[in-house]
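Chain and residue survey
Here is what each chain is made of, one letter per residue.
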Amino acid sequence: AICEFIRTNLRADAVQELHLSHNEIDDESALELLRTLNHRPRYPPRRPHDTTGEMVAAPVWLRLNHNWVRDPQAVCRAAEAEGVTICAATDRHVCGTSRCGARSLTGECPIVHLFSFKVQS
């Protein structure tokens, strides 16, 4: 249902944060969500930078921790092999809902921040 909303939504702005932790999302479902975000022209979304207020592209803040993902690293590898750009947001001083440290290294804004994705139930 979430992927369908992202695919068909023409009225609302792009999704900026998805907090889906503590559900029963498996590897294939997580990968499908990453694919869906990657194939929409509105992603990564634009939002005000938290210190400057300037409108900038920022990765979707995606929480998929504590789900049924058996191999988070394999999901990330598969997504990246399909062109999905991911930042793990391991340093909250550098990455947040409106900024990404990986962007300063590569010059490109990743599609998603996958914060705490490796932490599964």
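This text goes with the structure placed above it.
Residues numbered from 1 in each chain as written. Predicted model: local features only at pLDDT ≥ 70, side-chain atom pairs only at ≥ 80, totals over all residues. Heavy atoms only, no water.

1. With respect to helix H2 (residues 27-38)
Here H2 is 12 residues long and its end C-alpha atoms lie 17 Å apart, about the 16 Å a rise of 1.5 Å per residue gives. Every buried residue of H2 is listed here: Ala-30, Leu-31, Leu-33, Leu-34, Thr-36, Leu-37 and Asn-38. The inward-facing, buried residues of H2 contact helix H1 (2-8), strand E1 (17-19), strand E4 (60-63), helix H3 (72-81), strand E5 (86-87) and strand E6 (112-114). (Helix = DSSP H or I, 4+ residues; strand = E, 2+ residues; numbered from the N terminus. Expected span 1.5 Å × (residues − 1). Buried < 20%, exposed > 50% of the residue type's maximum accessible area, 1.4 Å probe, protein only. Contact = heavy atoms within 4.5 Å.)

2. Concerning unusual backbone geometry
With omega at 0 degrees, the peptide bond leading from Tyr-43 into Pro-44 counts as cis. With respect to the secondary-structure elements, Pro-44 resides in the loop between H2 and strand E2 (46-48). Not every positive phi belongs to a glycine, and His-66 is a case in point at roughly 55 degrees. The topology assignment puts His-66 in the loop between E4 and H3. Even without a glycine there, the phi angle at Ala-89 is positive, about 50 degrees. Turning to its location among the elements, Ala-89 is positioned in the loop between E5 and helix H4 (101-106).

3. As for the layout of surface pockets
As a volume, the largest pocket reaches approximately 220 Å³. What lines the largest pocket is a set of 14 residues, and nearest its centre among them are Ala-88, Thr-90, Leu-114, Phe-117 and Lys-118. Every element with two or more residues in the lining of the largest pocket is listed here: H3 and E5. For the lining of the largest pocket, the element with the most residues is H3, which contributes 4 residues. (1 Å grid on protein atoms, 1.4 Å probe; cavity = no way out; pocket = protein on both sides within 12 Å on 5 of 7 lines; lining within 4 Å. Points joined across faces, edges and corners; volume = space filled by probe spheres on them.)

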